[in-house]
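Reading the structure
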Amino acid sequence: MSETRPPKVAVIGAGTMGSGIAQACAVRGLNVTLFDTQAEALQRGLKGMDASLARIVRKGGLTEAAKRAALGRVKATADLSGIGDADVVIEAVFEDLTVKREVWGRVAEVAEEGALLASNTSSLPITEIAAGVGRPERFCGLHFFNPVPVLPLVEVVRAQRTSEETVERAKTFVERIGKTPILCDDKPGFIVNRLLIPYLSDAVFALSEGVGSAEDIDTAMKLGANMPLGPLALIDLVGLDVALAAAESLHREFQDPKFRVPPLLRQLVRAGKLGRKSGEGFYRYEETA
Ligand code: CAA
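Residues numbered from 1 in each chain as written. Predicted model: local features only at pLDDT ≥ 70, side-chain atom pairs only at ≥ 80, totals over all residues. Heavy atoms only, no water.

Once that is clear, we can look at the side chain of Ser-119. Its location among the elements puts Ser-119 in strand E5 (residues 116–119). Only 3.1 Å separates the side chain of Ser-119 from the backbone nitrogen of Thr-121, close enough to count as a polar contact. (Helix = DSSP H or I, 4+ residues; strand = E, 2+ residues; numbered from the N terminus. Polar contact = N/O pair within 3.5 Å; in protein donor to acceptor, adjacent residues only side chain to side chain.)

If you want it as structure tokens, here you go:
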């Protein structure tokens, strides 16, 4: 990555996280290629970016011209060859190891030899994703938080074969887009989810056991522990499928009952109740994002 010009970024996957990452980069002046195989996903991603940027403009955080300029820096494409000149490639596709490895197999063929390669996985081992890519020393985790335009943290995850140079490049990149990097080892859940997911799972157990209604559990944590959002509303924001994948991964990897997965979470995912993005999770939402 040249120090003299802004790095070009490619984001693979135009879902909530992918489009949020693309937006965060574009707002900081970086050109972004947003790739997805699904035209509808690209359209939804661009629409979400537009809505998020409009919100920031309304709050006085950005001018209308800056919003237009940021959107102008994002090139949405379903043609993977469009990512060939990127200095940084960030993958944010579905949390499934087989899917990610398949996607990385194709991405590695077109990505520039010297590009920094990163996965935004929240629950899968970076080392395992990197194993099929062919240049594991250039591969690391860059774990963003939802909503990406608002939350400043990025976990930089050092996998077994990630080089020190890659770690430094990743940290510099994260700072370049105005976020705060922290370094963590490639252990299940990294830092945030290792601590956060058991708390979220416990809230689901509390709901299933009738300790309180969803509203009362959330109000309890907002007003009694000063959380910005109650745990069930937070699962709705993150996506029940994403929270389930993270909970399953922690349980599988640690084999510790403290990470047990609440059956209600699994049932809701099976019923297609994925949270805000599907219009219903623990709560119902008027508009799907
Ligand atoms: N785009 C742009 N701006 C947004 C936004 C979005 N998508 N969502 C919220 N905002 C802005 C609002 O406009 C508002 O801006 P101002 O401060 O300038 O007024 C600010 O963020 C606060 O929003 P609200 O006033 O609407 O509501 P709030 O105070 O409840 O904040 C929230 C909303 C930022 C989502 C806050 O509730 C929060 O931080 N919740 C916790 C989120 C969290 O913990 N995320 C991590 C999830 S874990 C994860 O992502 C990792 C994983 O792997 C599972």
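Moving on: the nonpolar core. Residues Leu-142, Phe-144 and Phe-173 are the most contacted members of the largest nonpolar core, which totals 34 residues. Ranked by residues supplied to this core, first place goes to helix H1 (residues 16–27) with six residues. The next biggest cluster of nonpolar side chains, apart from the first, holds 25 residues, and it includes Val-89, Val-107, Ala-130 and Val-133. (Core = buried A, V, L, I, M, F, W, Y, C linked by side-chain atoms within 4.5 Å. Buried < 20%, exposed > 50% of the residue type's maximum accessible area, 1.4 Å probe, protein only.)

Under the present numbering, the feature "domain: 3-hydroxyacyl-CoA dehydrogenase C-terminal" (unreviewed entry) in UniProt falls on residues 189–285. Between the first and last C-alpha atoms of residues 189–285 the distance is 28 Å; the span itself is 62% helix and 0% strand. (UniProt positions renumbered as here; feature names shortened; annotations may be inferred.)

So, on to the site of the ligand. Taken together, 18 residues sit near the ligand, with Ser-52, Arg-55, Ser-122, His-143 and Asn-146 positioned nearest. A distance of 3.1 Å separates an oxygen atom of the ligand from a polar side-chain atom of Lys-59. Within the side chain of Asn-193, an N or O atom sits 3.0 Å from an oxygen atom of the ligand. A total of 1,000 Å² of accessible area belongs to the ligand in isolation, and the protein chains cover 67% of it. Counting residues per element, the shell around the ligand draws most heavily on helix H2 (residues 39–58), at three residues. In terms of residue class, the shell around the ligand is made up of 11 nonpolar, five polar and two charged. Each of two domains, domain 1 (9–185) and domain 2 (193–270), supplies a minimum of three residues to the shell around the ligand. (Near = heavy atom within 4 Å. Areas by Shrake-Rupley, 256 points an atom, 1.4 Å probe, with all protein chains shown as cover. Nonpolar A, V, L, I, M, F, W, Y, C, P; charged D, E, K, R; others polar. Domains from an automatic or database assignment.)

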